[in-house]
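Residues per chain are reported as follows:
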Amino acid sequence: MKAAVLKKPSAFYDKFERKGGAHQETTHYCPGCGHGNLHKLIAEALTDFNVADRTILISPVGCSVFAYYYLNVGNVQAAHGRAPAVATGLKRANPNSIVISYQGDGDLAAIGTAEILHAANRGENISVFFVNNAIYGMTGSQMAPTTLVGQKTTTTPYGRKVSNEGFPIRMAEIISTLEAPVYVERTALIDFKSISRTKRAVRKVLQNQIENRGFSFLEILSPCPTGWKLSAPDAQQWIRDYMLPVFPTEVFKDTTKDAETLQYSHREYTDGEVLDVLGLSELGERKEVTKEFLDNFPVQNMKIAGFGGQGVLSAGVVIAACGMNENLDVTWIPSYGPEMRGGTANCSVIISNKRIGSPLTTKPNVLIAMNGPSLDAFEDDVVPNGLVIINSSIVERRVKRKDVVTLYIPLTEIASNLGLTAAANMVCLGAYLEFTGIMDYKLLFDVIPKTIKRKNMIETNIKAVEAGVQYVRENAGKN
Ligand SMILES: Cc1ncc(C[n+]2csc(CCOP(=O)(O)OP(=O)(O)O)c2C)c(N)n1
Ligand code: SF4
């Protein structure tokens, strides 16, 4: 007779090593907890389908936050409730991956309600496992959206009252009303039969993704003996007695067969197509530049800040466009302060000879402060030896830092002498390029006509650039 060999599926790590070097044979879950069962069913399915090496599991915030200690797959841990949004990004960036969003009821049905509903509604081709144990397990049994009416939790010590906390939310039913999801089921983990059914459902949900069929959702009623203060068998019975009447286990939606297999095409867009889509094709062909220029280009992490109306955002667009014309990678991201008056509008601009990760400039090496509050807000962020350009027509104080390079220019005054106060930003860009020499200031003459909408102002803006260049030639080093 052939002996049955029972062994851990290979989608589990051999040893569950935890932070601090300890490794154990067991998980951190309490005895009788449903999370452990579900992990096993998922690991078995991934092993049997031979997809573990292209699977990414997103663990949530909750008791299953440590799922990454156990499943030997790509692991990402998302902020509370955000797993479906993270899953969307991962799956879209790498359609060949198998992306699992694993979430508790606090995570999915409270803080993350928007993320799950919209991911489902978009029909993201992901697999969602929703562990409903009717409470917040990890933080000590507070009420969750799925807590039953009358159920005592630490935040509903007299039992959940409809008049105060409303009704339990049935997520599987809600999601099954949406058009896009192809498969929605609820199962339980309470006995051999229900575990077998959950096993089939886990496989179905993963298989759907492997076959590119679309969004699949499995809600699992899961015992939490610790949170419910029951023994493991009593916790299973509690689900039978109290949860099943409210959360029936059934397939709520299955359009898997009709669902067209999604055809993912991973298409790279050309620079020209991207410029077209962004409405920037007017900026024209990217210029051929020498390798030496690219290799030696000093990355510019710029913060351009001032009052609304001083053109700080358009200065950012113009300088980013100059970088783009020089075949550099650029990002521009605006930030509008909540203040009505006297505060700062600012933008982050990065111009780099390498791919840019985050478009946010938190440690600028160039700060352009068009007004006093901007200098106050960002002076301390500038890296040592960074450049600070100050609009000395408006900023009344000097820079406090001794470890930065400063350039004081009466930008507003120069611009208003040309008849256009609003061109102070272009005076600044001319001065900046002339002072640093990182790019030829004449680039601005190409870019300004293509980025400034009001054609009658182009000439003055170009004059403003020249005035900035002139100012630096005559005054740099003197202040
Ligand atoms: C943004 C944020 N808010 C709140 C918390 C605190 N917190 C940690 S786990 C948790 C609830 C987890 O409950 P659930 O999603 O039901 O998972 P379970 O622990 O029951 O598996 C909360 C509110 C947090 N970590 N982050
Ligand atoms: S508190 Fe509940 S959900 Fe968390 S590990 Fe223990 S039994 Fe599982």
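Bear in mind that the values here come from a model prediction, so they are computed numbers and not experimental data. (Residues numbered from 1 in each chain as written. Chains lettered and ligands numbered in written order. Predicted model: local features only at pLDDT ≥ 70, side-chain atom pairs only at ≥ 80, totals over all residues. Heavy atoms only, no water.)

### Points about the packing of aromatic side chains
The condition that has to hold: Note on aromatic pairs: the rings of Phe, Tyr and Trp (six-membered ring only in Trp) are paired at centre separations within 6.5 Å, and the planes decide the class, stacked below 30 degrees, edge-to-face beyond 60, tilted for the rest. With a 1.4 Å probe rolled over the protein chains alone, any residue whose accessible area is under 20% of its type maximum counts as buried; one over 50% counts as exposed, and the rest are partly exposed.
Applying the stated criterion to the full structure yields twelve aromatic pairs. Geometrically, the ring pair formed by Phe12 and Phe16 is edge-to-face, given 5.7 Å between the ring centres and 70° between the ring planes. Per residue, the accessibility class of Phe12 equals that of Phe16, and both read buried. Measuring from ring centre to ring centre gives 5.9 Å for Tyr441 and Phe445, while their planes differ by 85°; the resulting arrangement is edge-to-face.

### A few points about the site of ligand 2
Here is the rule: Note on terminology: near, applied to a residue and a molecule or strand, indicates that one of the residue's heavy atoms is within 4 Å of it. Each residue gets one of three labels, nonpolar for Ala, Val, Leu, Ile, Met, Phe, Trp, Tyr, Cys and Pro, charged for Asp, Glu, Lys and Arg, and polar for the others, Gly among them.
By nearness alone, every residue bordering ligand 2 is listed as Tyr29, Cys30, Cys33, His35, Cys63, Asn133, Cys224, Pro225 and Thr226. Split into classes, the residues belonging to the shell around ligand 2 amount to six nonpolar, three polar and no charged.

### Here we look at the site of ligand 1
The condition that has to hold: Whenever a nitrogen or oxygen atom comes within 3.5 Å of another N or O atom, the pair is scored as a polar contact, on the condition that within protein one atom can donate a hydrogen and the other can accept it, and that pairs from neighbouring residues in sequence are kept only if both atoms are in side chains. A 1.4 Å probe and the Shrake-Rupley method give the accessible areas. Residues count as covered only by the protein chains that appear here. Each helix is a run of H or I in the DSSP string that is no shorter than four residues. Each strand is a run of E no shorter than two, and both are numbered from the N terminus.
Near ligand 1 you find 16 residues, and of these Cys63, Asp105, Gly106, Asp107 and Gly137 are the closest. In this structure, Asn133 approaches ligand 1 through a side-chain N or O atom, which is 3.1 Å from an oxygen atom. Taking Met138, its main chain carries an N or O atom lying 2.9 Å from an oxygen atom of ligand 1. Relative to its free-state accessible area of 590 Å², ligand 1 is covered by the protein chains to the extent of 72%. Top contributing element to the shell around ligand 1 by residue count: helix H3 (residues 105–111), with four residues. Looking at the shell around ligand 1, its residues break down into six nonpolar, eight polar and two charged.

### Description of a nonpolar patch on the surface
Selection criterion: Within this analysis, patches are made of residues with over 30% relative accessible area and no salt bridge. Like charges are joined at 9 Å or less; nonpolar side chains (Val, Leu, Ile, Met, Phe, Trp, Tyr) at 5 Å or less. The term salt bridge refers to a side-chain nitrogen of Lys or Arg lying within 4 Å of a carboxyl oxygen of Asp or Glu.
A contiguous nonpolar patch, built from Tyr269, Val274, Val277 and Leu278 and spanning about 440 Å² of accessible area, is present on the exposed surface. When you line up the elements, Leu278 lands in the loop between helix H10 (271–277) and helix H11 (291–296).

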